[in-house]
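# Chain and residue survey
Next come the chains, spelled out residue by residue.
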Amino acid sequence: METNSFIQFKQSAMRKYFSRMNDMQQKAIFTVNGPVLVLAGAGTGKTTAIVNRIANMINFGDGYTDNSYQGNSSDTAFLKDYAEGRTDDFESLRDIVAHNPIQPWNILAITFTNKSANELKERLRSMLGSAGLDVNASTFHSACVKILRKEISSIGFGEDFTIYDSDDSQRMIKNVMNDNDVSEKQFAPKTVLNEIRSAKEKMISPEEYAKNSATDYKRKVISKIYTSYQERMKSANALDFDDLLFFTVRIFEEYPEILAKYQRKYKYILVDEYQDTNYVQFRLVTLLSEVSRNICVVGDDDQSIYKFRGADIGNILGFEEQFRDAVVVRLEQNYRSTQNILSASNAIISNNSARKDKHLWTDGAEGNKVYWYKAFDENDEVRFIVDTIKKNYAQNGKYSDTAILYRMNAQSNYIETTLARNSIPYRVYGGMRFFDRKEIKDITAYLAFINNPDDILRFRRIINEPKRNIGDSTVQLIEEISRDLKISPLEVMKNCEEYDPLSKKIAPLKTAYAMFEQLIEKSETLPLDEFFDFVLAKTGYMDFLKADENSEPKIENVNELRSTIVQYMRKAHMPSLNEYLEETVLYTDYDRETSSEDRVTLMTVHSAKGLEFRNVFIVAMEENIFPAVRSLENQEDMEEERRLAYVAVTRAKENVYITTARQRLLFGQTQRNITSRFIKEASVFIEKHDNALAMKNAMKADEDKAVTQVHSISLQQQLARNKMYSSPTAVVTENFSKGDRILHPKFGEGTVISAVQTLNNVMLEIAFDTLGTKKIMAGGVKIRKI
DNA sequence: CGAAATGGCATTTTT
DNA sequence: TGCCATTTCG
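All of these numbers come straight from a predicted model, not from anything done at the bench.

## Some points on the packing of helix α25 (residues 506-525) against helix α26 (residues 528-538)
- Where α25 contacts α26, the two axes come as close as 10 Å, and the packing angle between them is 170°. One finds that α25 runs roughly antiparallel with respect to α26. Where α25 abuts α26, its residues M515, Q518, L519, K522 and S523 lie against F531, F534, V535 and K538.
- Its residues placed into classes, the contact of α25 with α26 shows 5 nonpolar, 2 polar and 2 charged.

Below you can see the structure in the form of structure tokens.
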């Protein structure tokens, strides 16, 4: 009697402690040991559940399910009081309830992005204080870097290895292709890199790749490039992003004692966004949890949208097969959206076959129907968006609760222009990132090369930037010598007089060597920020920038880079160049910092995952765009598009606006697409507002009037209409015809052979008096009739 | 060597 | 159409 009530009150007291969580969330929180699969639909409080689960593990261990301690009557009385709200003495609760509490450093929580890792860290800290900071919450990549810095010597790299970003990798591929006489025309470096990347994602080494390539010419070539790429990476002591995961798993597979060490360290593994894991990531997680079997994966198969970069939805769908005893928790109560939005998204996603059945619900309001605006063309479409944003703004005085989502980045342009013209503040996500800018990459390359003089790629990038009279052929020679003799390019420069082919360049090489020698020396003595200034001055890079009159934004960027160094120095325990470089390459999140400014957000549906907005516009929901053309043929791709549509709709708290256009100008061509199947799938929850028909009829009336006077005026009309909508610069004002004499600012005088009218430009074929015949767009360079 | 012209290409993106 | 990377020409 007594024992039963102890356990009963213990559980109610603990439920009381986590009473802000719903039953399902509590189930996830209290299942501490063994494999757990949390299927968390959009907006169901997933992160909160994760944070609370970790808090439970650290505070109470497996106290909730433990039967070994039977308590006594005063404990039972306390628990009863706690459960019924007469006390909230947490310390006493923990004393009585805790069983095998888990040390924070035995927990590894893995996410995909720095943003979510940071969010997790922050929430753990605020819930658990300093214990929260001891949980290893990091991305796959940074978790692997940490392991590799300790263990990589086992496979022959130095522990101060350099990390290459995608841009660096691609350059490296190009270099390798050039040196192996593989034409970039025949094999696009991008394609080659992708192939290598996907091989690494599947844990296929160059040797293994070679085995299956004997018969296929393309594979044979790629195999050669892959092998040589990895060799060079090794001699540069560099790893690319994929290597970080690949080599960690390799080490675990080949060195059981190293694996065992980490299995002991990370007794509890938690993986967020599990639906987006690829094979290496799956392997890593599987290996680490093999012994403890304490693995909790959290995700939503309906939000798996990264197949194109290797994500395997099978990982989450197969979890229950992999772990027969897995506890499955479904989070389906949604705290974000109105019932109508949820119904619409459920209606869409239920057309997918490869999924675990889930049904989002809310006890909140019914809300508005999804608003579908059928526009005449893309200009009418943005006009609607602008009007609606203005209307909403008039009501609640806020722009930042609105997002405009599109399928591809190319669509942002015409929306931006119109927003700007209407003075609606906005921010576009995506595009050039801070650390991808040339000047930033250059300076970082200096720092990286000073940090690791074997880094041949960075050497190549900066040795003649600014100009030091060391041209391509000389660099090529240095590289070859360095490779053949297995010495660093610096060594080659130092002793350049020993190498005959370099004899003509001894002076510049010696000068450059002396410079690097000084830089390296200062890197060991100066604090980082002062060292940074020294590099800028000594290398002449700052002067080089200042010499260009348009360089102000660049100089500003450089100053911003400096402030990242200062920031880093402030928070680092032992600031080092190596660690700083690691952070900048791995944590590029910095320029995504959420500004508090009140702006409309423009982004692709992909980058909207995990975010929420009161009002969401989903632009151009038409077949060929959303779903994208390339997914129409293939069932699997189509299901991914549908998941994407599901993600898009579930971003909204209150209002979803979907737009389509009867015709639209995209990639310079006018196209007519039929309505997206996704709209039809959710039609019950959608309200259609057709402006296309009205506008078409209005235009038809105009046209009829005109036709009575002039025949076939439609091209003229078309042009006039384009003039109205498009920027004025694109319009050709002068009319050219065959036989006209013209003056071109560069090519001089000539005679027009033909003039072909395109939609809003004229293609001229001109016989120049001195240069022969050329085809030129009249709208581009200024061509005058004479 | 650097600006200008040409050609090719156009889902989605994090680390 | 518009962007980019590469080529081309002075």
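## Re the sheet that holds strand β7 (residues 295-299)
- A sheet is described by the order of its strands in space; here 6 strands give the open sequence β3-β2-β6-β7-β1-β8, paired in parallel fashion. The open sheet terminates on both sides in strands that have one partner only, identified here as β3 (136-139) and β8 (327-331). The average undirected angle you get between the axes of adjacent strands in this sheet is 15°.
- Note: strand β2 (residues 107-111) against β3, 4 bridges, orientation parallel. Each residue of the ladder has a partner; that of I110, found in β3, is S138.
- Packing of helix α6 (residues 114-128) onto the sheet brings it into contact with β2 and β3, and relative to β3 it is tilted by some 165°.
- Its contacts with the sheet put helix α8 (residues 140-151) on β2, β3 and β6 (268-271), and the angle it makes with β3 is roughly 110°.

## Looking at the packing of helix α21 (residues 438-451) against α25
- Two elements in contact, α21 and α25, have axes separated by 10 Å at closest approach and are oriented at 80°. In terms of axis orientation, α21 runs roughly perpendicular to α25. Contacts from Y446, F449 and I450 of α21 reach α25 at M515, F516, L519, I520 and S523.
- Along the lines of polarity and charge, the residues of the contact of α21 with α25 split into 7 nonpolar, 1 polar and no charged.

## Here we look at the protein's contact with DNA strand B
- Near DNA strand B, the surroundings consist of 24 residues, among which N114, N409, R433, T604 and R630 are the closest.
- A share of 59% is what sugar and phosphate atoms reach among the atoms of DNA strand B within 4 Å of the protein.
- N114 places a main-chain nitrogen or oxygen 2.6 Å from a phosphate oxygen of DNA strand B.
- T604 is positioned with one of its side-chain polar atoms (N or O) 2.5 Å from a phosphate oxygen of DNA strand B.
- Looking at the surface near DNA strand B, its residues break down into 8 nonpolar, 8 polar and 8 charged.

## As for the packing of aromatic side chains
- What the rule picks out here adds up to 34 aromatic pairs.
- Judged by centre distance (5.5 Å) and plane angle (15°), the ring pair of Y371 and F384 falls under stacked. In this pair, Y371 is assigned in strand β9 (residues 370-375) and F384 in helix α19 (residues 378-396), connecting sequence segments 13 residues apart.
- One aromatic cluster is present, formed by Y17, F18, F30, F60, Y64 and F90 through successive ring pairs.
- A cation over a ring is seen here: R309 above Y306, with NZ or CZ 3.6 Å from the ring centre.
- The ring of F534 carries K522 above its face, with NZ or CZ at 5.6 Å from the centroid.

## Some thoughts on the environment of T539
- Mapped onto the elements, T539 comes out in the loop between α26 and α27 (541-547).
- Assessed through its relative accessible area of 5%, T539 is described here as buried.
- C-alpha separation for the pair T539 and I462, spaced 77 residues apart in sequence, amounts to 9.5 Å.
- Apart from the residues within four sequence positions on either side, T539 is in contact with Y446, P466, R468, M515 and L519.

## What to know about the nonpolar core
- Ranked by size, the top nonpolar core spans 69 residues in total, and within it I225, M493 and F516 carry the most contacts.
- Top element by residues in this core is α21. It accounts for 8 residues.
- Beyond its immediate sequence surroundings of up to four residues, F516 is in contact with Y446, F449, I462, I463, L490 and M493.
- Within the second largest apolar cluster, 56 residues are counted, among which are I404, F613, F617 and A645.

## Notes on the sheet that holds strand β17 (residues 686-690)
- Taken in spatial order, the 7 strands of this open sheet run β11-β12-β10-β13-β14-β9-β17, and their pairing is parallel. Each end of this open sheet is capped by a strand with a single partner; those strands are β11 (426-428) and β17. Averaged over all pairs of adjacent strands, the angle between strand axes in this sheet comes to 20°, irrespective of strand direction.
- With 5 bridges joining them, β9 and strand β14 (residues 652-661) adopt parallel strand pairing. Across the sheet, the residue bridging to A375 is A661, located in β14.
- Across the sheet, helix α18 (residues 339-349) lies against β9 and β14, angled at about 50° from β14, the strand it touches most.

## Brief notes about the environment of A628
- Among the structural elements, A628 can be located in the loop between β13 (613-618) and α31 (635-649).
- When its relative accessible area of 18% is taken as the criterion, A628 is described as buried.
- Residues A628 and I107, spaced 521 residues apart in sequence, show a C-alpha to C-alpha distance of 41 Å.
- Beyond its immediate chain neighbours, meaning those up to four positions away, A628 contacts R407 and E641.

Criteria and thresholds
- Residues numbered from 1 in each chain as written.
- Chains lettered and ligands numbered in written order.
- Predicted model: local features only at pLDDT ≥ 70, side-chain atom pairs only at ≥ 80, totals over all residues.
- Heavy atoms only, no water.
- Axes fitted to C-alpha atoms, helices over the stretch in contact; angles between N-to-C directions.
- Helix = DSSP H or I, 4+ residues; strand = E, 2+ residues; numbered from the N terminus.
- Parallel < 35°, antiparallel > 145°, perpendicular 65-115°, else oblique.
- Contact = heavy atoms within 4.5 Å.
- Nonpolar A, V, L, I, M, F, W, Y, C, P; charged D, E, K, R; others polar.
- Pairing = 2+ DSSP bridges.
- Near = heavy atom within 4 Å.
- Polar contact = N/O pair within 3.5 Å; in protein donor to acceptor, adjacent residues only side chain to side chain.
- Phe/Tyr/Trp six-rings, centres within 6.5 Å; stacked < 30°, edge-to-face > 60°.
- Lys NZ or Arg CZ within 6 Å of the ring centre and 35° of its normal.
- Buried < 20%, exposed > 50% of the residue type's maximum accessible area, 1.4 Å probe, protein only.
- Core = buried A, V, L, I, M, F, W, Y, C linked by side-chain atoms within 4.5 Å.

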